[in-house]
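Read off the chains here:
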Amino acid sequence: MSYTPTEIEKLKAFYEGQLLNDSIPFWFPRSIDQEYGGYLLMRDQEGTLLDDDKAVWIQGRTAWLLSTLYSTIEQKQEWLDGAKSGIDFLLKHCFDTDGQMFFHVTRDGQPIRKRRYFFSETFAVIAMAAYAKASGDQDIAQKARDLFGKCIEYATVPGLLPPKFMPTRPAKGIGTPMIMINTAQQLRETIGDERCDDYIIKWIDEIERDFVKHDIQCVMEQVAPDGSIIDHIDGRTLNPGHAIEGAWFILHEAKYRNNDPHLIELGCKMLDYMWERGWDKVHGGIFYFRDVYGKPVQEYWQDMKFWWPHNEAIIATLLAYTLTGNSKYAKWHQIVHDYAYSHFHDKKHGEWFGYLHRDGSIAQTAKGNLFKGPFHLPRQEWYCLQLLKELSA
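Here's a quick rundown of the structure.

Relative to each other, helix α1 (residues 5-27) and helix α13 (residues 376-392) sit at 150 degrees, their axes nearing to 9 Å. As judged from the angle between their axes, α1 and α13 are roughly antiparallel. By crossing handedness, the relation of α1 to α13 is classed as left-handed. Taking contact as the criterion, the partners of Ile8, Glu9, Leu11, Lys12, Tyr15, Glu16, Gln18, Leu19, Ser23 and Ile24 in α1 are, on α13, Leu377, Pro378, Gln380, Glu381, Trp382, Cys384, Leu385, Leu388, Lys389, Leu391 and Ser392. Classifying every residue of the contact of α1 with α13 gives 12 nonpolar, 4 polar and 5 charged.

Below, the structure written as structure tokens:
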């Protein structure tokens, strides 16, 4: 199948309506913490607050979202003010004395947990960069560039952070090059940074060289330092949704580079491989974990359906279709779109449930927790809206 101009217009109206009349109103303005700043995002089905702790990842992601909405959808003062609340909270409460950021803090910003990786920092970079673009604040823009430089050090200089894997079985994950590609893309597209182009290609090259296995049609989540497969449970475990997210980061870069054919081919192969491995042909939806050789997976939630892989697959399939015109990707987009909005979407209260059993039944009703908040879903709806606007122009 291919999308007709009428269908494209309907999709565009759908994503815009879901974003502005469903996803965003669920969270705002009630999630902005008027007392301490930042956001209160751990909410149940109808929006009731479950916990007032704050995940630093989601504080940054939310500030990015509000800033991006202000810059690209409508210059609503409440969005800009809401973004500033998150930026101020991050700067005031979320950096430790050693310069690293926390992962989990109390409502008033007292530290609870740190992690050995630097994803809090990457989300702070995109938040500050997007806010700097929206507000014109050059001081925040410089803070974003400085923190991006620190992220480059964390990603490339051994020993700056505690190791995740011991020398007994050294390994590296696809998460670092992936998050750095997207962080650099966001920085480049908001306030600009001359380092971004070269580093993005460096990280794409690493993914292609070490994690994409064309011989077995797979994208690995973890490999040995030389790129070989580690034949133990952790090394064999795949996360199809994560790899599909990486695929659309690469397709986005292809689009930025005038539809670079090599990057289109790479991104589409990654999508193809992990759709085949991840899509549940019995019940529909994307499995959370698979084993590269089809063996049992350690995690008990391996066959559950989480919300965010479906957001990433909706973006990836639509982007692949717009770049290639291949009707296969339009069909896949329609399949994952229909599954996601019929199973995850809460038509009564808005937004999406986060977690389904394999058969598509709701596993629990929380809309927000330490990992879920206003990011993957509204980003998907916003990104698809921008794509469809370009397609119909």
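Picking up after the structure, the text goes on.
This part takes up the state of the cysteines. Linking two cysteines covalently through their sulfur atoms gives a disulfide. Within the structure shown, the criterion is met by 0 disulfides. In this structure cysteine 196 is a free cysteine whose sulfur lies 11 Å from that of cysteine 151, the closest cysteine sulfur available.

Once that is clear, we can look at the packing of aromatic side chains. Under the counting rule described, the total for this entry stands at 35 aromatic pairs. Ring geometry for phenylalanine 26 and tryptophan 27: centres 5.0 Å apart, planes at 85 degrees, overall edge-to-face. Assigned by exposure class, phenylalanine 26 and tryptophan 27 land together as buried. Arranged with centres 4.8 Å apart and planes meeting at 5 degrees, the rings of tryptophan 275 and tryptophan 279 form a pair that is stacked. The pair tryptophan 275 / tryptophan 279 is uniform in exposure class, with both members buried. For the cation-ring pair, arginine 30 lies above phenylalanine 26, with the distance from its terminal atom to the ring centre recorded as 4.8 Å.

Strand order in this open sheet of 3 strands is β3-β4-β5, and the pairing throughout is antiparallel. Two strands close off the open sheet at either side, each with one partner strand: β3 (54-55) and β5 (111-113). Where strand β4 (residues 104-105) and β5 come together, 2 bridges link them in antiparallel fashion. Note that in β5 the partner of histidine 104 across the bridge is arginine 113.

With that settled, consider the packing of helix α5 (residues 138-156) against helix α6 (residues 175-190). Relative to each other, α5 and α6 sit at 160 degrees, their axes nearing to 11 Å. Taken together, the axis directions place α5 and α6 in an arrangement best described as roughly antiparallel. Note that α5 runs across α6; the crossing there is left-handed. Between α5, through Ala144, Phe148, Cys151, Ile152 and Ala155, and α6, the contact on the second element is made entirely by Thr176, Met180, Thr183, Ala184 and Leu187. Here the residues of the contact of α5 with α6 sort into 8 nonpolar, 2 polar and no charged.

Turning to the layout of surface pockets, a few remarks are in order. The space that makes up the second largest pocket amounts to roughly 440 Å³. Lining the second largest pocket are 22 residues; nearest its centre among them are Gln186, Glu189, His252, Trp382 and Tyr383. Every element with two or more residues in the lining of the second largest pocket is listed here: α2 (56-72), α4 (119-135), α6, α9 (240-256) and α13. No other element matches the 6 residues that α13 contributes to the lining of the second largest pocket. Of the residues assigned to the lining of the second largest pocket, the class counts are 7 nonpolar, 10 polar and 5 charged.

So, about the side chain of glutamine 100. With respect to the helices, strands and loops of the structure, glutamine 100 is situated in the loop between α3 (77-93) and β4. Looking at glutamine 100, the relative accessible area reads 12%, which means it is buried. In this structure glutamine 100 touches Cys94, Phe95, Lys114, Arg115, Glu121, Tyr154 and Leu161, once residues within four positions along its chain are discounted.

Here we take up empty space enclosed by the protein. For the coordinates displayed, the defined rule picks out 2 cavities of 30 Å³ or more. By volume, the largest cavity amounts to about 40 Å³. As for the largest cavity, its lining consists of Trp57, Met101, Phe102, Phe103, Arg115, Tyr117, Phe119, Ser120 and Glu121. Partitioning the lining of the largest cavity into residue classes produces 6 nonpolar, 1 polar and 2 charged. Counted as a void, the second largest cavity has a volume near 30 Å³. Lining of the second largest cavity is provided by Tyr39, Leu41, Met42, Asp53, Lys54, Ala55, Ile58, Gln59 and Asn369. Secondary-structure elements contributing two or more residues to the lining of the second largest cavity are β3 and α2.

With antiparallel pairing, 3 strands are arranged side by side in an open sheet as β12-β13-β14. The open sheet has two edge strands, β12 (305-306) and β14 (362-364), and neither has a second partner. The pairing of β12 with strand β13 (residues 355-356) spans 2 bridges and is antiparallel. Looking at β13, one finds that lysine 305 is bridged to leucine 356.

The omega angle of the peptide bond from phenylalanine 28 to proline 29 is 10 degrees, so this bond is cis rather than trans. For proline 29, the location among the structural elements is in the loop between α1 and β1 (42-43). Positive phi values are uncommon outside glycine, yet glutamine 217 reaches one of about 50 degrees. Looking at glutamine 217, the relative accessible area reads 49%, which means it is partly exposed.

Parameters and conventions
- Residues numbered from 1 in each chain as written.
- Predicted model: local features only at pLDDT ≥ 70, side-chain atom pairs only at ≥ 80, totals over all residues.
- Heavy atoms only, no water.
- Axes fitted to C-alpha atoms, helices over the stretch in contact; angles between N-to-C directions.
- Helix = DSSP H or I, 4+ residues; strand = E, 2+ residues; numbered from the N terminus.
- Parallel < 35°, antiparallel > 145°, perpendicular 65-115°, else oblique.
- Left-handed = near helix turned anticlockwise from the far one by under 90°.
- Contact = heavy atoms within 4.5 Å.
- Nonpolar A, V, L, I, M, F, W, Y, C, P; charged D, E, K, R; others polar.
- Disulfide = S-S within 2.5 Å.
- Phe/Tyr/Trp six-rings, centres within 6.5 Å; stacked < 30°, edge-to-face > 60°.
- Buried < 20%, exposed > 50% of the residue type's maximum accessible area, 1.4 Å probe, protein only.
- Lys NZ or Arg CZ within 6 Å of the ring centre and 35° of its normal.
- Pairing = 2+ DSSP bridges.
- 1 Å grid on protein atoms, 1.4 Å probe; cavity = no way out; pocket = protein on both sides within 12 Å on 5 of 7 lines; lining within 4 Å.
- Points joined across faces, edges and corners; volume = space filled by probe spheres on them.

Limitation: the analysis is restricted to geometry and does not speak to function.
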